[in-house]
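A look at the structure
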Amino acid sequence: GDSVTQMEGPVTLSEEAFLTINCTYTATGYPSLFWYVQYPGEGLQLLLKATKADDKGSNKGFEATYRKETTSFHLEKGSVQVSDSAVYFCAVGRGSYIPTFGRGTSLIVHP
Amino acid sequence: EAGVAQSPRYKIIEKRQSVAFWCNPISGHATLYWYQQILGQGPKLLIQFQNNGVVDDSQLPKDRFSAERLKGVDSTLKIQPAKLEDSAVYLCASSLPTASENTFGSGTRLTVV
C-alpha cells in the first residue's frame, strides 16, 4: 500500500528563517500529494496539494513540488512566522480515496 | 459554510467501559471518515462511509469498535470495551464523493485510564 516518510521533528527555527520539511512517498501509479497542518487544539487543515508530476502546490507562502523522479514532496517557506508553529503532515491519496498520512513534523518558530 | 462538528471534545473513561463519539459532517458531503490519531503519529483511517454505506472498514478493530451512519448524515463511533491503547484523538472528516481532499473536525480526545 501507499506510505509516506517525513523528517523527524521538532524543527526549531527563528522567525524569518527558511523552512524545509522533507517528505518522500511510496505509491503505485499517479497519486495526489498533500500537506496538512494541525494547529494546537484544532483539526487538520489542508495546506496545499499537487495532483500530477511537476505540479507546484502553494498557499500562505508555503510551497511544495511533486517530484516523481525522486518520489518527494518537500515543503518549503522562505520566511517563517511564529504563527506557523504547528504540526505538518505529508499525505498521499488517489481519487476519492482518503490520504495516507506521515507521522507529522512539529515546527516551532521562536520570535 | 459550517465545518465538521464533533462531540464531545474530551472524554476520560476507565478501561473496559464503553464510549461513543458523534460527528455531523458538512452539509451535502456524502463521504464521511473516522480516523484515529495516536499521540506522535499521523491519522489512521478507521472507516469510510459513502452516504449510509460502508466503503472501507478494513482497519477498524471490529471486536470492539463499531460505527454507523443510519440516515447518511450524522455518524457515531463506539468503542466497547475500551482498552488503554485506545487513548487517542478521534477525528471525523467529510468530503464530496469525487473530492480527493477532506475537511476535518477538531476531534475528540479520548483518555482511557
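Look above for the structure.
Residues numbered from 1 in each chain as written. Chains lettered and ligands numbered in written order. Predicted model: local features only at pLDDT ≥ 70, side-chain atom pairs only at ≥ 80, totals over all residues. Heavy atoms only, no water.

1. A word on the sheet that holds strand β8 (residues 62-65) of chain A
Residues and elements named next belong to chain A. Strands sit in the order β3-β9-β8-β7 across an open sheet of four strands; the sheet is antiparallel. The sheet is open, and its two borders are formed by β3 (19-21) and β7 (56-59), each paired with just one other strand. Going across the sheet, the axis of each strand differs from the next one's by a mean of 15°, ignoring polarity. (Pairing = 2+ DSSP bridges. Helix = DSSP H or I, 4+ residues; strand = E, 2+ residues; numbered from the N terminus. Axes fitted to C-alpha atoms, helices over the stretch in contact; angles between N-to-C directions.)

2. Things to note about the interface of chain A and chain B
Listed by partner, the interface residues are 18 residues for chain A and 21 residues for chain B. Between chain A and chain B, a total of about 1500 Å² is buried, with carbon and sulfur atoms accounting for 50% of that surface. Summed over the shared surface of chain A and chain B, the number is one residue pair in polar contact (both at pLDDT 80 or more). Mapped onto the side of chain A that touches chain B, the elements with two or more residues apiece are β5 (32-38), β6 (44-50) and β11 (97-101) of chain A. Considering every element that reaches the side of chain A that touches chain B, the biggest residue donor is β11(A), with four residues. Looking at the side of chain A that touches chain B residue by residue, the classes come out as nine nonpolar, six polar and three charged. (Contact = heavy atoms within 4.5 Å. Buried area = accessible area lost by both parts, 1.4 Å probe. Polar contact = N/O pair within 3.5 Å; in protein donor to acceptor, adjacent residues only side chain to side chain. Nonpolar A, V, L, I, M, F, W, Y, C, P; charged D, E, K, R; others polar.)

3. Some details on the packing of aromatic side chains
Per the counting criterion, the structure on display carries twelve aromatic pairs over all chains. Judged by centre distance (6.1 Å) and plane angle (85°), the rings of Y25(A) and Y66(A) are edge-to-face. Residue Y25(A) is found in strand β4 (residues 23-26), and its partner Y66(A) is found in the loop between β8 and β9 (75-77); the two are separated by 41 residues along the sequence. Like Y25(A), the residue Y66(A) is buried in the burial classification. A connected cluster of aromatic rings, assembled from ring pairs, spans F34(A), Y36(A), F89(A), F101(A), Y33(B), Y35(B) and F104(B). (Phe/Tyr/Trp six-rings, centres within 6.5 Å; stacked < 30°, edge-to-face > 60°. Buried < 20%, exposed > 50% of the residue type's maximum accessible area, 1.4 Å probe, protein only.)

4. Points about the sheet that holds strand β3 (residues 19-24) of chain B
All names here are of chain B. Ordered by their spatial adjacency, four strands build an open sheet running β1-β3-β8-β7, and the pairing between neighbours is antiparallel. Only two strands of the sheet have a single neighbouring strand rather than two, namely β1 (5-7) and β7 (65-68). On average, adjacent strands in this sheet sit at an angle of 15° to one another, irrespective of strand direction. The pairing of β3 with strand β8 (residues 75-79) spans five bridges and is antiparallel. Along β8, the bridge assignment pairs C23 with S75.

5. A few points about the state of the cysteines
The tally for this structure, following the rule as stated, stands at two disulfides over all chains. Between C23(A) and C90(A) runs a disulfide, and the two sulfur atoms are separated by 1.9 Å. Taking the sign of the torsion about the S-S bond as the criterion, the disulfide between C23(A) and C90(A), at about -70°, is left-handed. With a gap of 67 residues between them, C23(A) in strand β4 and C90(A) in strand β10 (residues 86-94) connect regions that are remote in the sequence. Paired through a disulfide, C23(B) and C92(B) show a sulfur-sulfur distance of 1.9 Å. Negative torsions about the S-S bond denote left-handed disulfides, and the value of about -70° found for C23(B) with C92(B) makes this one left-handed. Remark: C92(B) occurs in strand β9 (residues 88-95) and C23(B) occurs in strand β3; sequence separation between them is 69 residues. Accessibility assignment for this pair places C23(B) and C92(B) in one class, buried. (Disulfide = S-S within 2.5 Å.)

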